[in-house]
Each structure stands twice: as structure tokens, then as C-alpha cells.
Amino acid sequence: MSSRYELLHHRSRTIKQIAKQNGFAFAGIAKARRLDEHEKSLKSYLEQQHHGQMHYMENHFEKRLDPRVLHPGTKSVISLLYNYYPESFYESEAPVKITRYALGKDYHFVVKNRMREMVKEMQQQLGEFSYRVFVDSAPVLERAWAREAGLGWIGKNTMLINPKQGSFFFLAEILADMELAYDKPMQKDFCGNCRRCIDACPTDALKPYKIDASRCISYLTIENKNEQIPEEFREQYQKWIFGCDICQEVCPWNRFSITHQEPEFEPHEKLLSLSKQQWQELTREEYQQLFKKSTVKRAKFEGLKRNIHFLNENNQSL
Ligand code: SF4
Ligand code: SF4
């Protein structure tokens, strides 16, 4: 065995240990390259306007396909999964629901802080290197990289599914100008004949392996900045006022989900138990308290009120 081989494997093992110590459930490593096979689908997704008002997705086309353009010198993509599956969630009779990933402090800060710690330790143990970190960030094809790094397959619900723990994860990446030993991409798709996610999606946003974001409740409750929600979605929102977890809840692989260990993701003590009336009468001050440092702020107070009002009008729960 050459010493170079040993060096690269030593680096990769060290990085995976450091990832574990910093709370990441899984880490995989892929060689940086242009993801040519995604060019066609990315183009057609944008051409068909499936990204709705998320115009930032149209930018940096080449950077999205090739991490070496995004961060010159990149040799390796370290792909990381951070668990957000909560211990408790809304009861079925709760008047509204907020997606599991948004119950606690904004994951962008939490996961980025963990990554910064991780990089610090990597540099202490492996020496200086140039890097950039990303969490749920538009210029990186995160799911493709996680698959490439052997962390799972992309399911028919378009989520990255890890065969050991399902899909309730944040995806994050470190682009590093350091050569490493690489994992094998996951070639298999374990969705088989299942189509539970497609059948369960209330707005018909899903086709196998494709999502029309402009029909997805998650997009409609968060990214959509229009004052009104399109009439055609009347009665399809179920109870979601921020995000939607339905296509993950029904996925059989999520029976392997385990509770996260991140104190920062604990929800405000009142968030899961507010009454119908309290949601209807939510004031700006209460909103500030409930969602201090939360990713729910992305929808803004007006957006959240619009979503609550929409449920109310449709008498779906409120
Ligand atoms: S998040 Fe909800 S609305 Fe969006 S695709 Fe999944 S089930 Fe459909
Ligand atoms: S619900 Fe079934 S088809 Fe959908 S992602 Fe999960 S395993 Fe695949």
C-alpha cells in the first residue's frame, strides 16, 4: 500500500470522526467534478418555471453544476447530514402545523456553526486548506453530492434518503482544496414500486423524482410572496402554515428516523400547544417571541398571518 493511499485514507477517516464529534449523523466524501448528468434536468426545471418565484435559482448555472467554478481549487466535496427529527410534534388535532425542520433555532446558523468548529479541528489535525461551507444553499446541488458521496439515494419525493435513518436531515457541504479518499456513489434506488409520497401529496406537486415547487405547500407557505394563495389550492393545505412534511411522513424509510440531539432545535415551550384562537389572534409581539431566531421568519409576520388566514377561510382546521 503506497504512503499516498494511506495519507488520503487517513485524512478521510479523520474528517469523518470530526464530523461525528460535531454532531453530524453521516459524512461522505466525493471527488469534485462537473455534474454533467444534471445539466439537462436543471435546465428543463428552470425552463418550465418549476422554481416559481425562486429566481435566485436561475443564477450561477455553471457554479451550480461545478463546485470547482464555485470555489476555485476545490478537489473534494465533503457531504454532511445533520439530523432534525424532533422528539415531539403536533398532535393530529392541533389547529396548525409547522414543518419539523423549523421548530427550533434557524438551522442555517446552527449547522454552519457546527461546520466552522469542524473545519477548525480539521485544520488543526490535517493542516491548513482552503474551503467554503454551505448549508441548504442554492449554488450547490446538495442532494446530488450527498448521493455521490454514498450517503443515500434521491427518492421519488426528491429527498435524499439515507438507508439507515431516512430523510429528516439538513444537508451541508464543505468544499475543500484537499485531495481525499472518496466514497462510492450510491447506485441503487430503494424506492422500488412504492409511490406513497406521490399519492399522499395533497397538491399533486410530485411526479416520480420531480417536484413542481410552484405547487408545493412548502414553497407556497414560505417562498411565495404574493398576498393571496391561488384558489386552486383551497382545501388542499391540510394544516400547514409553514412548510409541509407529508411526503416524508409517509415514506417507509422514515420509520428508521431517530430523535435529534441538538438542544438548539428545541421549540419554544408554547409552540406545539397554541390553541386555535391563539393562532388566529397571533400578534406581532407574540410572533417575535415564538420565532426568535427561527427560520419561520423567512415567511415574515405578514406571510404567516396570510397562511393562517388561508386555513381559516377554508375552514380546514382553524
Ligand atoms: S412537501 Fe407537501 S406539498 Fe410539497 S411535494 Fe411534499 S407532500 Fe407535496
Ligand atoms: S414514499 Fe416510497 S416512493 Fe416516496 S420516496 Fe419514500 S420510498 Fe420512495
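Whatever comes next refers back to the structure up there.
Residues numbered from 1 in each chain as written. Chains lettered and ligands numbered in written order. Predicted model: local features only at pLDDT ≥ 70, side-chain atom pairs only at ≥ 80, totals over all residues. Heavy atoms only, no water.

This next bit is on the site of ligand 2. Taken together, Lys156, Asn157, Ile161, Cys191, Cys194, Arg196, Cys197, Cys251, Pro252 and Trp253 make up the full set of residues near ligand 2. Residues of the shell around ligand 2, tallied by class, amount to 7 nonpolar, 1 polar and 2 charged. Residues lining the shell around ligand 2 come from more than one domain, with at least three contributed by each of domain 1 (3-90 + 99-176) and domain 2 (196-259 + 267-314). (Near = heavy atom within 4 Å. Nonpolar A, V, L, I, M, F, W, Y, C, P; charged D, E, K, R; others polar. Domains from an automatic or database assignment.)

A few words now on the nonpolar core. Of all hydrophobic cores here, the largest spans 43 residues; its most connected members are Ile98, Trp279, Phe291 and Leu304. Elements with a contribution of two residues or more to this core: α2 (39-47), α7 (196-200), α8 (217-222), β10 (240-242), α9 (246-249), α11 (284-290) and α12 (300-314). At 5 residues, the largest contribution of residues to this core is made by α12. Here this core gathers at least three residues from each of two domains, domain 1 (3-90 + 99-176) and domain 2 (196-259 + 267-314). Counting residues in hydrophobic clusters, the runner-up holds 28 residues, among them Ile29, Val119, Phe129 and Phe265. (Core = buried A, V, L, I, M, F, W, Y, C linked by side-chain atoms within 4.5 Å. Buried < 20%, exposed > 50% of the residue type's maximum accessible area, 1.4 Å probe, protein only. Helix = DSSP H or I, 4+ residues; strand = E, 2+ residues; numbered from the N terminus.)

The element strand β2 (residues 76-83) is largely enclosed, with a buried count of 8 among its 8 residues. Of the two faces of β2, both are covered, the one formed by Ser76, Ile78, Leu80 and Tyr82 as well as the one formed by Val77, Ser79, Leu81 and Asn83. One ladder, built from 8 bridges, connects β2 with strand β7 (residues 169-176); its direction is antiparallel. Bridge pairing in β7 links valine 77 to leucine 175. (Pairing = 2+ DSSP bridges.)

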